[in-house]
Amino acid sequence: MLGTTLPTPLYGLYRQQIGFSELTVTVVFAVYAAGVIAALLLAGNLSDTLGRRPILLSATALGAASALFFIFEQGLPQLFTGRILSGFSAGLFSGTATATVLDLAPPGRRARAAFAATAANMGGLGLGALLSGILAQYAPWPLKLPFLVHLALLAAAAAVTWMLPETVHRTRPRPSLRPQGMTIPPAVRAVFVPCALAAFAGFSVLGLFTAVAPDFMATVLDVHNLAVAGAVVFSVFCASTAGQLLMGSISPAKALPLGCAVLVLGLLLIGASLLEESLPILILGAVTGGVGQGLSFRAGLTMIGTAAPELQRSATLSAFFVFAYVGISLPVVGVGALTQELGVRDAGLVFAGCVILLVTAVTTYLKLRPPTT
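Keep in mind it's a predicted model, so treat the numbers as computed, not measured. (Residues numbered from 1 in each chain as written. Predicted model: local features only at pLDDT ≥ 70, side-chain atom pairs only at ≥ 80, totals over all residues. Heavy atoms only, no water.)

The next thing to look at is helix 5 (residues 76–104). Spanning 29 residues, helix 5 covers 41 Å between terminal C-alpha atoms, matching the ideal 42 Å at 1.5 Å per step. Along helix 5, the largest kink reaches about 30° and is centred on Phe93. (Helix = DSSP H or I, 4+ residues; strand = E, 2+ residues; numbered from the N terminus. Expected span 1.5 Å × (residues − 1). Bend = angle between axes of the 7 residues up to and from the residue.)

What follows is the structure in structure tokens.
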């Protein structure tokens, strides 16, 4: 997962080298989310049929292929290809790695294992931006060294994965390989709609920081240190992990509206940082928004997973993740388009305002009609 956010602090360097707009940056980023969604829909259930280890190794190979396209990048076609391969890799990892960790967990420790898997996911996303920013700022070959390091890490991960025991054992003939698809059973819709909208809003904040926050910092805050930009993105994902950990002490029905309220506070702080041109306020907004996203996301995932019928649980959760990854990409492309007309600061303010309205509406709905599972 670390490899999927390596390009985040580097987009400004790519813009200088190739010459493209902020809108193009957001489209390059959104291609990654399209790859994740495609992998979830078309191959989300393959590890149940083919086994965990082959899918994990395939995802590792796709991550390595993505790194190679960035290492030998000659223009936008390689950037697009590298990003979509990264999306395929992340889409395969998201479900399969989590299932593997749960399969291997000792009895009675599945809840801890599930959190460990989520923390590794979010931690990897945060560490990618931090590692890339530090290497690009203070080491040679800023557009190549981060991906060379990633290849080395992938090689180590592949070696460990190869030694893992296979947890899927089928004695009968394997069923035909068919796309998993997604579904929202009627009995789940009352829970699904507010949870999915909260995930859409929370992931849009993650997407904002992952795709365009470094440009915001350089243009509006006059912060050009790539390591600092990577650290700010890292703080968002660390805060998300902390928010998910906090949910362990709160019921999902209470954590969902609470997470939405904290997310609104984070967005208000992000808007204030743009108005005041303040890096400390931006960092505070990033941490606050990350905690809110983590709380609401884990609550929604838990509630939908509990409410979905067992035979439709995987497909229902796939639909939830699709909403989340549409959230991480579509609004960010909108910010890129607005930047062309309004400038970076005003586009960020419009984005914050729109997401605040969405999350406030979801929070109000949850207060008036608390979901039951």
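Here the focus is the packing of aromatic side chains. All told, the structure shown has nine aromatic pairs when counted by the stated rule. Residues Phe29 and Tyr32 carry aromatic rings whose centres are separated by 6.2 Å and whose planes lie at 45° to one another, so their mutual orientation is tilted. Here Phe29 and its partner Tyr32 are both found in helix 2 (residues 22–43), three residues apart, which amounts to about one turn of the helix. Residue class for Tyr32 comes out buried when judged on its relative accessible area of 4%. Among the aromatic side chains, those forming a connected cluster through ring pairs are Phe203, Phe297, Phe320, Phe321 and Tyr325. (Phe/Tyr/Trp six-rings, centres within 6.5 Å; stacked < 30°, edge-to-face > 60°. Buried < 20%, exposed > 50% of the residue type's maximum accessible area, 1.4 Å probe, protein only.)

Before going further, it helps to spend a moment on unusual backbone geometry. Positioned with a positive phi, Trp141 is a non-glycine residue whose angle comes to about 50°. Residue position: Trp141 is located in the loop between helix 6 (110–138) and helix 7 (145–163). The exposure class assigned to Trp141 is exposed, which follows from its relative accessible area of 56%. Its identity is not glycine, yet Glu277 carries a phi of approximately 55°, on the positive side. Secondary-structure assignment places Glu277 in the loop between helix 11 (252–276) and helix 12 (279–307).

Time to look at the nonpolar core. Ranked by size, the top nonpolar core spans 88 residues in total, and within it Tyr14, Phe147, Phe203, Phe209, Leu267 and Tyr325 carry the most contacts. Here this core gets 13 residues from one element, more than from any other, and that element is helix 8 (residues 189–211). If we skip the residues at most four places from it in the chain, Tyr325 touches Tyr32, Ala33, Val36, Ile37, Leu40, Ser94 and Phe203. (Core = buried A, V, L, I, M, F, W, Y, C linked by side-chain atoms within 4.5 Å. Contact = heavy atoms within 4.5 Å.)

Turning our eyes to something else, we now look at the packing of helix 4 (residues 52–71) against helix 7. Each packed pair of helices is defined by two parameters, the angle between the axes and the distance between the axes. Packing of helix 4 against helix 7 leaves a shortest axis separation of 9 Å and a crossing angle of 170°. As far as their axial angle goes, helix 7 and helix 4 are roughly antiparallel. Between helix 4 and helix 7 the crossing geometry is left-handed. Residues Arg53, Leu56, Leu57, Thr60, Gly63, Ala64, Ala67, Leu68, Phe70 and Ile71 of helix 4 pack against Phe147, Leu148, His150, Leu151, Leu154, Ala158, Thr161 and Trp162 of helix 7. (Axes fitted to C-alpha atoms, helices over the stretch in contact; angles between N-to-C directions. Parallel < 35°, antiparallel > 145°, perpendicular 65-115°, else oblique. Left-handed = near helix turned anticlockwise from the far one by under 90°.)

It is worth spelling out the environment of Val25 at this point. By the secondary structure assignment, Val25 is in helix 2. When the C-alpha atoms of Val25 and Asp103 are compared, they prove to be 38 Å apart, with 78 residues separating the residues in sequence. Contacts of Val25, omitting those with residues within four sequence positions, involve Tyr11, Arg15, Phe20 and Ala211.

Moving on to the confidence of the model for the protein chain. For the protein chain, the mean per-residue pLDDT works out to 87, and 94% of the residues sit at or above 70. The element-level mean pLDDT for the protein chain is lowest in helix 3 (residues 46–50), coming to 77, with helix 7 highest at 96. (pLDDT = per-residue confidence, 0-100.)

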